[in-house]
Amino acid sequence: MTDNSDNILVRAQGVDKVFKRGSEEIHVLGGLDLEIPRGEFLALMGPSGSGKSTLLNLVGGLDRPSEGVVEVGGKRIDKLSERKLAAWRARHVGLVFQFYNLMPVLSALKNVELPLLLTRLSKAERKKRANVALDIVGLAHRAGHYPRQLSGGEQQRTGIARAIVTDPTLLLCDEPTGDLDRKSGDEILDLLQALNQEQGKTIIMVTHDIHAAERATRTLYLNKGRLSTEPVD
Amino acid sequence: MFNWFSQVISVIGFSIRSIPQRKGSSIAALLGIAGVVAVMVGVLSIAQGIARTMESSAGGDNAVVLRSGSDTEMMSGLGGDEARIIGEAPGIARDDSGTLASPELFVIINLPMRTTGTDANVPLRGVLSQAPKIRNDFKIVDGRMFEWGLNEVIVGSGATEQFTGLEIGSSIEVGQEQWPVVGIFEAGGGVAESEIWVDASVLQSAYRRGNSYQSVYAKLTAPAAFDEFRDNLTSDPRLNVKAMRETDYYAAQSEMVYNLITGLGTLIAVIMGLGAIFGALNTMYTAVSARTREIATLRALGFHSGPVIISVLSESLLLACMGGLIGAALAWLAFDGFRTATLNWSSFSAITFSFDVNFSLLLQGIVFALVIGLVGGLFPAVRAARQPVAHALREL
Amino acid sequence: MKYLYLIFSSLKRKKLRTGLTILSIVVAFLLFGYLSAIRQAFAAGVEVAGADRLIVRHKVSIIQLLPQSYESRIEQVEGVDNAAHSTWFGGIYQEPRNFFAQMPVVPEELFDMYPEYVLSDEQKKAWLATRSGAIAGRGLAERFGWKLGDRIPINATIWSKKDGGRTWEFDLVGIYDGAEKGTDTSQFFFRYDFFDETRAFGEGLVGWYTVRVSDPDAAAEVAAAIDAEFANSPSETKSEPEGAFIQGFANQIGNIGFIIMSIMSAVFFTILLVAGNTMAYTVRERTGELAVLKAIGFTDRGVLSLVLGESLALTLVGGAIGLGLSWLLVSMGDPTQGSLPVFYIPTRDIFLGLLLIAATAFVAGIIPALQAQKLQIADALRR
Ligand SMILES: Nc1ncnc2c1ncn2[C@@H]1O[C@H](COP(=O)(O)OP(=O)(O)OP(=O)(O)O)[C@@H](O)[C@H]1O
Ligand SMILES: [Mg+2]
């Protein structure tokens, strides 16, 4: 392997994704290639229905390609067993969703602690790390609050804290600002940028917002199942 | 008024049309209630069956005479002379062959039950010629009457069904003797159907009872003649006996079992009913919360809360009613007429009876189901109607 | 352990629904415990019956009496250790519904035959010294509030006295306890010699014999030998093991076990529906949340366990409360106000209850749990 390939964190080659809806087949991705170097903050744009979330799911190990190879950190994840894949996700990926997807019955702190339950850490250690993560997103003072007691921006920050608590290499964010106003959105983007620059996290962010994409180090456009560096209308 | 009524109709329409979306929980509630009703009706039908057997044994104008101090035939004893005097007492009806009075003997013998093969105490009754006339609807349904003076027996239809060795052609073993079964009889569903009958004189000699009896059954000229009949016997210095109306005599025999089973059955039904109420509450709360938005929208559009309450209530009553009907039907199909034997504690002998799922029991079951439905629907209905519209509209 | 918090938090989401479901489970296990006690009341006699004891009675029926002279003849049969007789007295204390068993016995023989009846030596001595003395079981004495020294009048229904009277008066000189939990302490024993000299008729006749055999494995042969001894006599006998005799008697009352089983099946069928339905709702409502759990690394198996765990938590709480309540209810007394010989929930049934809790949890939770397991993350998150 060359130095260059060592530096590539995510590699997708010839990825097809076909959904079957009854007898109908929907080809979402076709022969897609993608390489993301470590430390990149990639913005992914494209019209609704173009397959952005689908691609993100493939990279995050939430779904498998119909055809092709997905490699993350030099490891093929498209062939892993369900159990191994789950363990892999727990170790290596942090996910941030458009609608936050927090557990309504758990406090912010417990929500953030959730992924740590899958580790062997002691109870005290789990609590400490969850607090650190909350502190990073600036919500240490809201630790005991429940999602319904938090604003949208605060909920999303909790979501980001949950994503980074296991210290993953890769952060996947699907429209993280899609449900927020400009100000809260900017706070989230500041946070992601800081994580990218200061902690070296590799980030893929799906967004419809050109302002958000400007924060990234690179922007790719998805259209008709393929990626390009130029927007297509 | 019309407006209100049409509101009710349309809201009920909405709610009934949404039942299929909540199939799972609706069926759970419905079957739950069905289960409760089936158990309740099933258990109570045992008590009803025993009571009915006792009732059909008793004639309103019949009397039973025992030695004073004894409550049952088994404990009683009457000399031949006493029996004759009782048989001539005023108030007893007559026919061509004399007064309708029957001195009788009562013992028990061991026979194996068909169900378990273990022994049961089967009553063996020694009778005189008037005995059949004093029982309700006595008739030989198979074979023939025994010959007087011979070691032959006839067997009640219940006894032949429940115990082995009582078919026509087989014989029962009494001491060293074999007594052949020559006929099967019915007696209007009464206690006699659990018994074996033989000529009293045959029984007297087999059991070395001399010329003694244990009871006298008598048909009176009219129910009202009883007081005179009793007073005459109790004031007769030659006698030391007590006379009872047959109705009282049999009612007393079944009272304990009846109360026990009814009490226990009711207790079980009430506890189970509580469980069903919780189930129904769950279903209806779920139904209401699934329809929170719809209900709020209706109210925002100007519907009153009355129709909303009524629609929720009628849905739960509908489910309960269906559950009740299914449960009652199930109990009726499974239990009604099911014949079995139990021990009559008063006579220490077997009594055969059929589970009796009668109309009033079915009705009781359905009413119980409706009560469950009412309680299960009321609280959710009130909650639905109380919900602040604005708040409910926001809820997803 | 660390998932416990997660399980309980999700049960708290819909407190009302969780509460109602738990309550219906409480009801099921309350009935389970109570019905177990009723079943036990009929079954205990068989369970504690001595394997080495036979009952010898008149062949035609139990109400026919046997000569007391049979005792020595039975004892001469090969394999018989001892024989003791009892007789059904069938008297009434105050009123008929105060039913309990009274029997004239020979005191020394009673204690030799039934080591499970425990009486202090002092009270044994007092009984041997008092002709009209009687002893009562602990349960019976408590039922009527009897104390030592009480005079207990019992009205005979069968056995009138030589003086023509029907009221027998006994002096309570002892109260016996049961050596085992299932021992019947609802009986009343008085002395046969007093009985025999006082009764107006039937002198020298007794109801039945209890026979102890030296080798329980040979019980059947001994029973046959006893019956052969009296074959072709005016009073032929029928001998059978004590357990079979008691079982036969219980069978006469009806198939209690079957009736109770049927009721329980209906109860648990109902409860399973309610609990299963609740679990189905919990899963359906939380499709999204469960998918997120999977997305952040919970395995399919982990999510399945989580849902089953919730189901178990529900049933465990409800079942424990229900069993506890039934235990309380049972210790408050039996439904016949004391006519049942014993009334308690056997330990075996408590374990059975715990098993049933696990089974209920599993059956109610498994379908929703499987649904949760099968959930496709990508699909579920799109909703
Ligand atoms: N599980 C599925 N089953 C069937 N079709 C699917 C499934 N998932 C996605 N699709 C289809 O694939 C296409 C791409 O969907 P995807 O969610 O990736 O789009 P997107 O680019 O994220 O859109 P948006 O910007 O609206 O989020 C759509 O046409 C969608 O209908
Ligand atoms: Mg998308």
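What you are looking at is a predicted structure, and each value in this text was computed from that prediction instead of being measured. (Residues numbered from 1 in each chain as written. Chains lettered and ligands numbered in written order. Predicted model: local features only at pLDDT ≥ 70, side-chain atom pairs only at ≥ 80, totals over all residues. Heavy atoms only, no water.)

Draft legend 1. Spatial organisation of a nonpolar patch on the surface. Residues and elements named next belong to chain C. Together, Leu4, Phe8, Val317, Ile321, Leu325, Trp327 and Leu328 make up an exposed nonpolar region whose accessible area comes to about 630 Å². Elements with a contribution of two residues or more to the nonpolar patch: helix H1 (4-13) and helix H12 (300-331). The dominant element in the nonpolar patch, judged by the number of residues it contributes, is H12, at five residues. Its place among the elements puts Leu4 in helix H1. Since its relative accessible area comes to 39%, Leu4 is described here as partly exposed. (Patch = residues over 30% accessible without salt bridge, like charges linked within 9 Å, V, L, I, M, F, W, Y side chains within 5 Å. Areas by Shrake-Rupley, 256 points an atom, 1.4 Å probe, with all protein chains shown as cover. Salt bridge = Lys/Arg side-chain N within 4 Å of Asp/Glu carboxyl O. Helix = DSSP H or I, 4+ residues; strand = E, 2+ residues; numbered from the N terminus. Buried < 20%, exposed > 50% of the residue type's maximum accessible area, 1.4 Å probe, protein only.)

Draft legend 2. Quick look at the packing of helix H2 (residues 23-57) of chain B against helix H11 (residues 359-386) of chain B. All names here are of chain B. Orientation of H2 relative to H11, taken along the N-to-C sense of each, is 150°, at an axis distance of 9 Å. Classified by the angle between their axes, H2 and H11 sit roughly antiparallel to one another. At the point where H2 passes H11, the crossing takes the right-handed sense. Between H2 and H11, the contacting residues are Ile33, Val36, Val37, Met40, Val41, Leu44, Ser45 and Gln48 on the first element and Leu361, Leu362, Gln364, Gly365, Phe368, Ala369 and Ile372 on the second. (Axes fitted to C-alpha atoms, helices over the stretch in contact; angles between N-to-C directions. Parallel < 35°, antiparallel > 145°, perpendicular 65-115°, else oblique. Left-handed = near helix turned anticlockwise from the far one by under 90°. Contact = heavy atoms within 4.5 Å.)

Draft legend 3. Structural context of the pattern of salt bridges. Counted according to the given criterion, the structure contains 58 salt bridges over all chains. A salt bridge links B:Asp356 to B:Arg52; the shortest N-O distance between them is 3.6 Å. In this pair, B:Asp356 is assigned in the loop between strand S14 (349-354) and H11 and B:Arg52 in helix H2, connecting sequence segments 304 residues apart. Residue classification places B:Asp356 among the buried positions, given a relative accessible area of 8%. Residue class for B:Arg52 comes out partly exposed when judged on its relative accessible area of 42%. B:Asp119 serves as the salt-bridge partner of C:Arg57, at 3.2 Å between the closest nitrogen and oxygen. With C:Arg57 in strand S1 (residues 53-58) and B:Asp119 in strand S5 (residues 119-127), this residue pair bridges two chains. Each member of the pair C:Arg57 and B:Asp119 is classed as buried. Each member of the salt-bridge network shares a partner with another, and the members are B:Glu73, B:Glu104, B:Arg125, B:Arg135 and B:Glu195.

Draft legend 4. Examining the interface of chain A and chain C more closely. Chain A puts 24 residues into the contact, and the matching count from chain C is 21 residues. If you sort the residues of chain A by the area they bury against chain C, A:Val105, A:Leu117 and A:Leu118 come out on top, with a joint share of 23%. On the surface where chain A and chain C come into contact, there are zero salt bridges. In this structure, the connection of chain A to chain C is made through four residue pairs in polar contact (both at pLDDT 80 or more). At six residues, helix H3 (residues 82-92) of chain A tops the list of elements feeding residues into the side of chain A that touches chain C. By residue class, the composition of the side of chain A that touches chain C is 14 nonpolar, three polar and seven charged. (Buried area = accessible area lost by both parts, 1.4 Å probe. Polar contact = N/O pair within 3.5 Å; in protein donor to acceptor, adjacent residues only side chain to side chain. Nonpolar A, V, L, I, M, F, W, Y, C, P; charged D, E, K, R; others polar.)

Draft legend 5. Structural detail: the sheet that holds strand S5 (residues 75-76) of chain A. All names here are of chain A. Here four strands make up an open sheet; going across it, the order is S2-S1-S4-S5 and the pairing antiparallel. The open sheet has two free edges, formed respectively by strand S2 (24-37) and S5, since each of these has just one partner strand. For strand S1 (residues 8-21) and strand S4 (residues 67-72), the ladder comprises five bridges, and the chain directions are antiparallel. The residue bridging Arg11 from the neighbouring strand is Glu71, located in S4. Each of S1, S2 and S4 touches helix H2 (residues 52-59); the most contacted strand, S2, lies at about 60° to it. (Pairing = 2+ DSSP bridges.)

Draft legend 6. Geometry of the domain arrangement of chain C. Residue and element names in this part refer to chain C. Each assigned domain of chain C is listed here: domain 1 (4-45 + 255-382) and domain 2 (47-253). Here the C-alpha centre of domain 2 lies 46 Å away from the C-alpha centre of domain 1. Contacts between domain 1 and domain 2 engage 14 residues on the former and 15 residues on the latter. Where domain 1 packs against domain 2, one counts zero salt bridges. (Domains from an automatic or database assignment.)

Draft legend 7. Main features of helix H8 (residues 219-229) of chain C. All names here are of chain C. Taken together, the buried positions of H8 are occupied by Ala219, Val222, Ala223 and Ile226. End-on view of H8: buried residues confined to an arc of 100°, all on one side of the axis. In H8, those exposed residues whose orientation departs by more than 90 degrees from the buried face are Ala220, Glu221 and Ala228. Among the structural elements, S1, helix H3 (70-76), strand S3 (80-86), strand S11 (208-213) and strand S12 (237-241) are those in contact with the buried residues of H8. (Arc of directions from axis to C-beta.)

Draft legend 8. Structural detail: the site of ligand 1. The local shell around ligand 1 holds 15 residues, among which A:Ser48, A:Lys52, A:Ser53, A:Thr54 and C:Asp379 are the closest. Bordering ligand 1 are residues originating from chains A and C. At a separation of 2.8 Å, an oxygen atom of ligand 1 approaches a polar side-chain atom of A:His208. Note that a nitrogen atom of ligand 1 is positioned 2.6 Å from one of the side-chain N or O atoms of C:Asp379. Protein contact buries 78% of the 630 Å² of open area that ligand 1 shows by itself. At the level of secondary structure, the elements contributing two or more residues to the shell around ligand 1 comprise S1 and H2 of chain A together with helix H14 (377-382) of chain C. If one sorts the elements of the shell around ligand 1 by residue count, H2(A) sits on top with three residues. Looking at side-chain class alone, the shell around ligand 1 contains three nonpolar, seven polar and five charged residues. (Near = heavy atom within 4 Å.)

Draft legend 9. View of the arrangement of the chains. Comparison of the two pairs of chains in contact shows the highest number of contacts for chains B and C. With no contact formed, the shortest span from any C-alpha in chain A to any C-alpha in chain B equals 12 Å.

Draft legend 10. Highlighting the interface of chain B and chain C. Taken together, the contacts link 48 residues of chain B with 49 residues of chain C. Note on chain B versus chain C: buried area summed over both sides is about 4200 Å², and carbon and sulfur give 68% of it. Considering only the surface of chain B that becomes buried against chain C, B:Ile271, B:Phe278 and B:Asn282 emerge as the three largest contributors, covering 13% of it. Between B:Glu173 and C:Lys59 there is a salt bridge; the shortest N-O distance is 2.9 Å. Inspection of the region where chain B meets chain C yields 13 residue pairs in polar contact (both at pLDDT 80 or more). Listed by contribution, the elements that provide at least two residues to the side of chain B that touches chain C are H2, strand S4 (101-112), S5, helix H8 (246-290) and strand S13 (339-344) of chain B.

Draft legend 11. The arrangement of the side chain of C:Asp349 in detail. All names here are of chain C. As for its position among the elements, Asp349 is in helix H13 (residues 347-374). At 3.1 Å, the side chain of Asp349 and the side chain of Arg39 are in polar contact. If near-sequence neighbours (up to four positions away) are discounted, Asp349 is found in contact with Phe32, Ser36 and Arg39.

Draft legend 12. Looking closely at the sheet that holds strand S9 (residues 218-223) of chain A. Residues and elements named next belong to chain A. Across the sheet, which stays open at both edges, the six strands sit in the order S6-S7-S8-S3-S9-S10 with mixed pairing between neighbours. The two strands at the open ends of the sheet, each matched to only one other strand, are strand S6 (93-96) and strand S10 (226-228). Neighbour-to-neighbour, the strand axes of the sheet open up by a mean angle of 20°, direction not taken into account. Direction of pairing for strand S3 (residues 41-45) relative to S9: parallel, over a ladder of four bridges. Across the sheet, the residue bridging to Ala43 is Thr219, located in S9. Across the sheet, helix H6 (residues 152-164) is in contact with S6 and strand S7 (170-174); its angle to S6 comes to roughly 170°.

Draft legend 13. Here's a closer look at H2(A). All names here are of chain A. In terms of residue burial, H2 counts as a mostly covered element, since seven of its eight residues are buried. Residues Lys52, Thr54, Leu55, Leu56, Asn57, Leu58 and Val59 constitute the buried set of H2. Positioned one or two residues after H2, Gly61 has a phi angle of 75°, which is positive.

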